[in-house]
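Fold and geometry: a report
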Amino acid sequence: MQLQIIAQILGLGAMASLFMSYQLTDRRRLIAGKLCADLFWTVHYLCLGAYGGMIPNFVGIFRELIFINRDRKKWASCIIWPITFILLNWGLGISTFKASINILPIAASTFVTVSLWLRKPKLTKIISVPVSVVFLVYDLFVKSYVGVLNESLAIFSIILYFIKEGMKGHDKKEYFF
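To keep things clear, this report deals only with the structure shown in the data block.

Basis of the calculations
- Residues numbered from 1 in each chain as written.
- Predicted model: local features only at pLDDT ≥ 70, side-chain atom pairs only at ≥ 80, totals over all residues.
- Heavy atoms only, no water.
- Helix = DSSP H or I, 4+ residues; strand = E, 2+ residues; numbered from the N terminus.
- Rg over C-alpha atoms; globule rule 2.2 N^0.38 Å.
- Buried < 20%, exposed > 50% of the residue type's maximum accessible area, 1.4 Å probe, protein only.
- Contact = heavy atoms within 4.5 Å.
- Areas by Shrake-Rupley, 256 points an atom, 1.4 Å probe, with all protein chains shown as cover.
- Lys, Arg positive; Asp, Glu negative; His and termini not counted.
- Charge placed at Lys NZ, Arg CZ, Asp CG, Glu CD.
- Axes fitted to C-alpha atoms, helices over the stretch in contact; angles between N-to-C directions.
- Parallel < 35°, antiparallel > 145°, perpendicular 65-115°, else oblique.
- Nonpolar A, V, L, I, M, F, W, Y, C, P; charged D, E, K, R; others polar.

This next bit is on the overall build of the chain. Of regular secondary structure, the chain possesses seven helices and zero strands. Helices and strands appear in the chain in the N-to-C order α-α-α-α-α-α-α. Since a compact globule built from 177 residues should have a radius of gyration of about 16 Å, the 16 Å found for the chain is in line with a globular shape. Projected onto its principal axes, the C-alpha positions of the chain cover 50 × 35 × 25 Å. Put simply, the chain has 177 residues, and 47% of those count as buried. Once local pairs closer than 6 in sequence are excluded, the contacts in the chain between residues at least 24 apart make up 72%. Accessible surface for the chain amounts to roughly 9200 Å². Of this, 75% is attributable to carbon and sulfur atoms. Separation between the mean location of the 19 positive side-chain charges and that of the 9 negative ones in the chain comes to 5 Å.

Glancing now at the environment of Leu35. With respect to the helices and strands, Leu35 occurs in helix 2 (residues 27-48). Through-space distance from the C-alpha of Leu35 to that of Arg119 is 17 Å; in sequence the pair is 84 residues apart. Each residue touching Leu35, except ones within four places of it in the same chain, is listed here: Ile61, Glu64 and Leu65.

Where helix 2 contacts helix 5 (residues 103-117), the two axes come as close as 11 Å, and the packing angle between them is 150 degrees. In terms of orientation, helix 2 and helix 5 fall into the roughly antiparallel class. On helix 5, the residues that touch Arg27, Leu30, Ile31 and Lys34 of helix 2 are Val112, Leu116 and Trp117. In terms of residue class, the contact of helix 2 with helix 5 is built from five nonpolar, no polar and two charged.

The subject of this paragraph is unusual backbone geometry. Of note in the backbone geometry, Lys143 takes a positive phi value of approximately 65 degrees without being a glycine. Relative to the elements of secondary structure, Lys143 occurs in the loop between helix 6 (121-142) and helix 7 (145-168). Here Lys143 falls in the partly exposed class, since its relative accessible area comes to 47%.

Following this line, the structure appears as structure tokens:
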């Protein structure tokens, strides 16, 4: 019972990190927010015994540490990084496979990896909507109530961002890769 409470508290920390990051326009800060959230989610899912959700968040910690340096370090810009993280997620996911539901977070993580690799924060946010829907289903299954709330709020937060941007009425030049 205490582990369940700890898990939900950690989920609240992850939720706060993600909500704030979706309001940012700077790619580096968005990735930093995702990194903080992945730290919280890793321990959250571990406490729940939901390894299918833990794996992509654990791998995500290392992914964000590389991706946050993409614009500043040449080695971090190599296309091998997103491929490596996608393969690592699938490899770990398959090696710990116990139920079909565990495929959902691994598949979602594939899209997260692509979205964070892109240089356009708006695309990252757009791709995050279906990812949140997939994690919402997974969270319902593993009884991550904070996860369900998080995914619902994440979708709301992303929509709020686009409403705010639409009200500004400007279109900055952004790069996809």
